[in-house]
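# Observations on chain architecture
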Amino acid sequence: MTDYLGLLAQCEALYMGVCSEPGAWPDSTLADWINGIAESGETDRETARELRRVLRSSQKLRRFWGAPPDNLPPDHGDFRTKVDIAVGAAAWRPLLALARHGLADSPDPQLFDEVKERFRVVSGERWMEGVTFDEWLEGR
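From a predicted model like this one, the values you see are computed outputs, not experimental measurements. (Residues numbered from 1 in each chain as written. Predicted model: local features only at pLDDT ≥ 70, side-chain atom pairs only at ≥ 80, totals over all residues. Heavy atoms only, no water.)

Turning to the nonpolar core, a few remarks are in order. In terms of nonpolar packing, the biggest core is built from 35 residues, with Tyr-15, Trp-33, Leu-51, Val-83 and Leu-103 touching the most fellow members. Broken down by secondary-structure element, the contributors of at least two residues to this core are helix H1 (4-20), helix H2 (27-39), helix H3 (45-65), helix H4 (79-86), helix H5 (89-105), helix H6 (109-123) and helix H7 (133-139). Considering each element in turn, this core owes the most residues, 8 residues, to H1. If we ignore the near neighbours within four places in the chain, the residues touching Leu-51 are Leu-7, Cys-11, Trp-33, Ile-34, Ile-37, Thr-43 and Leu-98. (Core = buried A, V, L, I, M, F, W, Y, C linked by side-chain atoms within 4.5 Å. Buried < 20%, exposed > 50% of the residue type's maximum accessible area, 1.4 Å probe, protein only. Helix = DSSP H or I, 4+ residues; strand = E, 2+ residues; numbered from the N terminus. Contact = heavy atoms within 4.5 Å.)

Below, the structure written as structure tokens:
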């Protein structure tokens, strides 16, 4: 069974690393990152597709934050803000898709909360506002 929460954490850690130290993430290191996940055997076709999207977003983040300092906006500190500045909601869409896929594959209260939060970040709208995991599961 795929650990979707773990995958989401790995994707966020990748974004954080690329935003904070873009030079430490050459193509070979990014390839190692995705190959390490693939070798775990936990990825189905849909998960692999979203992870490739995360990798492409990481490359965009690396190019943006690896630019000469004179060309960069002020450092806002938080990697999430840096992702939003450089790529925007498009970088968060594959993480939402992973959370949704995980919720469909193996319903879990934590994944339900992840989908709720990530949906708001990507679309600017609320999803299942006021609905608990148990209520959602019952109506599924």
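This part is about unusual backbone geometry. With a phi angle near 55 degrees, Met-128 is a residue other than glycine that sits in the positive phi range. As for its position among the elements, Met-128 is in the loop between H6 and H7.

Throughout the structure, instances matching the rule amount to 8 salt bridges. Asp-27 serves as the salt-bridge partner of Arg-62, at 2.9 Å between the closest nitrogen and oxygen. With Arg-62 in helix H3 and Asp-27 in helix H2, this pair connects stretches of sequence that are 35 residues apart. For Asp-27, a relative accessible area of 48% translates into the label partly exposed. Here Glu-114 ties to Arg-118 by a salt bridge, and the two come within 2.8 Å at their closest N and O atoms. Residue Glu-114 and its partner Arg-118 are located together in helix H6, separated by 4 residues, close to a single helical turn. Bridged by salt links that share partners, the residues Glu-12, Arg-80, Glu-114 and Arg-118 form one connected network. (Salt bridge = Lys/Arg side-chain N within 4 Å of Asp/Glu carboxyl O.)

As a further point, take the side chain of Ser-58. If you trace the backbone, Ser-58 turns up in helix H3. Those residues in contact with Ser-58, other than ones at most four positions away along the chain, are Leu-14, Tyr-15, Val-18 and Leu-30.

For the rest of this paragraph, the subject is the packing of aromatic side chains. Taken as a whole and assessed by the stated rule, the structure comprises 6 aromatic pairs. Judged by centre distance (5.6 Å) and plane angle (75 degrees), the rings of Tyr-15 and Trp-92 are edge-to-face. Placement of Tyr-15 in helix H1 and of Trp-92 in helix H5 is noted, with a sequence separation of 77 residues between them. Among the residues examined, Trp-92 registers a relative accessible area of 6% and is labelled buried. An angle of 40 degrees between the planes, with centres 5.6 Å apart, marks the rings of Phe-112 and Trp-136 as tilted. In this pair, Phe-112 sits in helix H6 while Trp-136 sits in helix H7, placing the two residues 24 residues apart along the sequence. With respect to burial, Phe-112 and Trp-136 carry one shared label: buried. In textbook terms, an aromatic cluster arises when at least three aromatic residues are bridged by ring pairs, as seen for Phe-112, Trp-127, Phe-133 and Trp-136. Seen from the ring of Trp-65, Lys-82 lies directly overhead, with NZ or CZ sitting 5.5 Å from the centre. (Phe/Tyr/Trp six-rings, centres within 6.5 Å; stacked < 30°, edge-to-face > 60°. Lys NZ or Arg CZ within 6 Å of the ring centre and 35° of its normal.)

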